[in-house]
Amino acid sequence: MAQMDDLTLASIVKNRVSDAIGLSGDQLSQDRMDAMKYYRGEKFGNERDGRSQVVSRDVAEAVDGILPGLIKIFMSGDEIVRYEPRGPEDEANCKQATDYVNWILNQQNDGFRLFYTWFKDALLQRTGIVKIWWDDA
């Protein structure tokens, strides 16, 4: 298989990100706006005087109800990330890498809040995005 050049890879990634995020005015964008209105319990705009003005908060209850279970799955253990050795010679390096990555996630960054907002975005917006980078400074 031929090597892919950087320009082709960048083009593929850009197209995939655009597809995942959705364009302004398309169906996905409309669905996202509706989901936020339902989550906040906003009125629909078609209410009539003399009729009930009650708006159900089922979306908020469903999202807020499932978040603790999702967070528990990923954050309840001592190790969020674990590197597995391929052989006995890799055990020390894998242990050190596991400790380091878990320290970065939980101590240098607020891993709990990161996962919480990531999952909530995924549930409400159909796409949860986390940006990760490395700074050599």
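Now for a quick tour of the structure. Here the structure is a predicted model, which is why all the values come from computation and not from measurement.

### Some remarks on the side chain of Asn 102
Along the chain, the position of Asn 102 falls in helix α4 (residues 91–108). The exposure class assigned to Asn 102 is buried, which follows from its relative accessible area of 7%. Within the structure, the side chain of Asn 102 is placed 2.7 Å from the backbone oxygen of Thr 98, a separation counted as a polar contact. Leave out the neighbours within four places in its chain, and Asn 102 touches Asp 78, Glu 79, Ile 80, Val 81 and Gln 107.

### What to know about the pattern of salt bridges
Scanning all chains against the criterion turns up seven salt bridges. Put simply, Asp 64 and Lys 120 hold a salt bridge, and the shortest N to O gap is 3.9 Å. Taken together, the residues Asp 64 in helix α3 (residues 58–75) and Lys 120 in helix α5 (residues 111–125) connect sequence positions 56 residues apart. A salt bridge links Asp 110 to Arg 113, with the shortest nitrogen-to-oxygen separation between them at 3.3 Å. Residues participating in the shared-partner salt-bridge network are Glu 79, Arg 82 and Glu 84.

### Focus: the packing of aromatic side chains
One pass over the full model with this rule turns up seven aromatic pairs. With centroids separated by 5.5 Å and ring planes inclined at 65°, the aromatic side chains of Phe 115 and Trp 118 adopt a geometry described as edge-to-face. Here Phe 115 and its partner Trp 118 are both found in helix α5, three residues apart, which amounts to about one turn of the helix. Ring pairing ties together the aromatic residues Phe 74, Phe 115, Trp 118 and Phe 119, which thus form one cluster.

### Considering the environment of Arg 16
When you line up the elements, Arg 16 lands in helix α1 (residues 6–21). The sequence separation of Arg 16 and Glu 42 amounts to 26 residues, and the corresponding C-alpha distance is 32 Å.

### Overview of unusual backbone geometry
Excluding glycine, residues mostly carry a negative phi; peptide bonds, for their part, are mostly trans. Unusually for a residue other than glycine, Arg 126 sits at a positive phi of about 70°. Considering the arrangement of structural elements, one finds Arg 126 in the segment after α5.

### Digging into α5
Its 15 residues give α5 an end-to-end C-alpha distance of 20 Å, which sits within 8% of 21 Å, the value for a rise of 1.5 Å per residue. Among all positions in α5, only Gly 111, Phe 115, Phe 119, Lys 120, Leu 124 and Gln 125 are buried. For α5, the elements touching its buried residues are α2 (27–40), α3 and α4. Phi turns positive one or two residues past the end of α5, at Arg 126, with a value near 70°.

So, how was this worked out
- Residues numbered from 1 in each chain as written.
- Predicted model: local features only at pLDDT ≥ 70, side-chain atom pairs only at ≥ 80, totals over all residues.
- Heavy atoms only, no water.
- Helix = DSSP H or I, 4+ residues; strand = E, 2+ residues; numbered from the N terminus.
- Buried < 20%, exposed > 50% of the residue type's maximum accessible area, 1.4 Å probe, protein only.
- Polar contact = N/O pair within 3.5 Å; in protein donor to acceptor, adjacent residues only side chain to side chain.
- Contact = heavy atoms within 4.5 Å.
- Salt bridge = Lys/Arg side-chain N within 4 Å of Asp/Glu carboxyl O.
- Phe/Tyr/Trp six-rings, centres within 6.5 Å; stacked < 30°, edge-to-face > 60°.
- Expected span 1.5 Å × (residues − 1).

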